[in-house]
Structure formats: structure tokens, C-alpha cells
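Breakdown of the fold
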Amino acid sequence: MPIATPEVYEQMLDSAKRGAFAFPAINVTSSQTLNAALAGLAEAESDGIVQVSTGGAAYWSGSTQKNMVTGAVAFAEYARVVAEQYPVNVALHTDHCPKDKLDDFMRPLAEISKQRVARGEQPLFNSHMWDGSAVELEENLSIARELLATCTAGRTIMEMEIGVVGGEEDGIVGEMNEKLYSTPGDAMRVAETLGTGENGRYLLAATFGNVHGVYKPGHVQLRPSILKDLQDAVAGSTGTKQPFDLVFHGGSGSTLEEIHEALDHGVVKMNIDTDTQYAFTRPVADHMLRNYDGVLKVDGEVGNKKVYDPRSWGASAEAGMAKRVVEACQMLRSAGTRIR
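Residues numbered from 1 in each chain as written. Predicted model: local features only at pLDDT ≥ 70, side-chain atom pairs only at ≥ 80, totals over all residues. Heavy atoms only, no water.

1. A word on the sheet that holds strand β5 (residues 157-162)
Stated formally: Paired strands, in this sense, are two strands between which DSSP finds at least two bridges. Only runs of H or I of at least four residues qualify as helices and only runs of E of at least two qualify as strands under DSSP, and these elements are numbered from the N terminus. Simply put, an axis is a line fit to the C-alpha atoms, just over the touching stretch for a helix, and the angle between two N-to-C directions goes from 0 to 180 degrees. The contact rule is simple, with two residues in contact once any of their heavy atoms fall within 4.5 Å.
Read around the barrel, eight strands follow the order β1-β2-β3-β4-β5-β8-β9-β10 and close on themselves; strand pairing throughout is parallel. On average, each strand axis in the sheet is inclined to that of its neighbour by 30 degrees, with strand direction left out of account. Sheet topology places strand β3 (residues 90-94) next to strand β4 (residues 127-130); two bridges connect them, and they run parallel. Looking across to β4, one finds that T94 is bridged to H128. Contacting β5 and β8 (202-206), helix α7 (residues 184-194) runs over the sheet at an angle of about 150 degrees to β5. In the packing of helix α13 (residues 310-331) onto the sheet, the strands contacted are β1 (23-27) and β10 (267-272), and the crossing angle to β1 comes to about 150 degrees.

2. Notes on the pattern of salt bridges
What counts is decided by this rule: In what follows, salt bridge is the name for a side-chain nitrogen of Lys or Arg lying within 4 Å of a carboxyl oxygen of Asp or Glu. Classification of residues uses two cut-offs on accessible area relative to the type maximum, computed with a 1.4 Å probe and protein chains only: under 20% is buried, over 50% is exposed, and between them is partly exposed.
In the structure shown here, the tally under the stated rule is 19 salt bridges. A salt bridge links E10 to R201; the shortest N-O distance between them is 3.1 Å. Pair noted here: E10 is in helix α1 (residues 6-19) and R201 is in the loop between α7 and β8, with a separation of 191 residues, a long-range link. Its relative accessible area of 35% is what places E10 among the partly exposed residues. Across the salt bridge formed by E146 and R107, the nearest N and O atoms sit 2.8 Å from each other. With E146 in helix α6 (residues 137-153) and R107 in helix α5 (residues 106-118), the pair connects residues that are 39 residues apart, well separated along the chain. In the salt-bridge network here, residues are joined through shared partners; they are E10, D14, K17, R201 and D245.

Quick look at the structure:
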């Protein structure tokens, strides 16, 4: 299927909300990881989201170039071609964009979509994330209001974050403190400033103890009930049971019970990165260790072209990552829910 249109993306989010499931939003850094993500979604019969961070977009442009906009455009255009091979709906998203990268990443990409829509074309991306976790809430909301207007003009959904996700991702470091837990007051200010859809649809990454990185179950102290508190705080003034479309960041090491509780409280998108990185790299490590004397020209020998050909280990890497994507779909209840 082609990349989701704005209408299909909204239909995806609506169906996730109604069905209490979430789409895996898979970070990809290459054509191989993108194809692995698409293959996994197709096997699980799940629609989904593929996304690039600022660092991922820079890598897509070429490791010597590091141009975030060029890389993001290249990713989006490549995805448009290869996604048509897979029988699922896929949305394109840009991940965490902090304040100091807005002018070099999110704003120009949002403007490209705005220009495309003005020409009668589809937007380049389906959604963009503004990461205002490093600034105070009022500044975060002020910037979010401006970005929401730009995104809406380009038929693109904005994602924003309140609170702080701990740990580190792409150089963005979240301190482990009380800001790991969003408050009902934060949610009320979001609704007062941005509305609850009447000014443009947005996704809200609210924090409930989330931490980027990989941890054993039980290390990260998640409190999914906070999400219900945030929804309830705003529900009274909107007449809607769950007014926010919520996003789950920093989910590695979460228990299945914690994930399912978050879904029940309105999470429609969960970021998947650390686990799929490992699932992609693990088969490569296995291949190199098992074929040490074939991938290297040891002691004057010539090696074995069949095992140092990147396709020989690349295919197993894709298969490993695709399998982890299937697992993510099953955990998030999106398996078998694709819009036909």
C-alpha cells in the first residue's frame, strides 16, 4: 500500500483509540532497517509508523554529510517507493526535535509539506515531534502553538512532549527527577493553549516515569495510572472520555501489564528503537563471530566472498529486526488490525 494519506493516518489513530491498541513507531536509520520494519509490520498484519530522529535523518543523508533535512527527505521519498510492496498502511514521522534544531529540521520539513499541499500534493510526512522537554512548560506551549498552526496548514499532525523522558537519545539528556511524571495541571495547560483538536490534531507524549535506553524489567518505575489522571483532568471540560491521543516514549524494559494499562488510558503510539537496534545487530555479531576466517583475510588467505558480502549478513539482520517488530505489534495489540 502507499504511504498513508492524512485521512488514513487519522483513521489509523481513531481505530487505535477505539480498540485500545497502539502502533509501533519504529526508528529507522537505513534502507535495511526500514525494510525490516515494513516486513515485520506486514507479517503481523499491523499498520504502523516509521520514523527518523535528528541523528537518524543526518545518517540517512550520508555519514560524511549529516544534513538532517536532506536525510529526512531521502528517507521519506525512498519509503514512498518501497512501502507500496507491503499490504499495510504506514505513516511517516520525525522523532524528537529539540529547540536548537527546530530551524534545521522540523520547521523546514513542515514547510515542505505546506508547499506540497498548496500544490495539491500529499504532505511529505504525516507527523512531526517537537521536543520541548528541556524548556519550561509555558515556552514549550508557546512554541507548540506556532508549530501546530504550521503543521496543520501542511495537513501534518504535531506531536509534543510534556514532562521529561529520562536517559539519553541522540544527545538529548533527560534528568531523572520529578519531571519524569507529568501532572494534571500540565495537561490542563496543554488543553487551554492548544485546544483538544479544534485548532488542529496533535499527539501528546506525557511522561509517567519513562526512561530512554534499555533496562531490565522493574528498573524503571512506571506509573501508567498518571495517564488516566491527565485524561480525567481535561475530560470534564470537553465531554470526551479520553481527550488526548497519547504517546509512550522510553518503553524498553516495561512489563506487558504496564504497556497494556497505558494502552487502556489512550496511548495510540509507542516508540520502538533500542530493542529493534539490538535485534538488527545481534545476527550480524553472530555471523561475524561464526565466520571470522571468512569475513577477514587472515594469515594471507583470501577470505570467503559469500560470507563477507553485505547481503549475506544484512538479510539476517533484517530478519532479526522484523521478528522483533512482530513481537512489538503483538505486545501493543495492533497485530491483525490493519485497515484494509
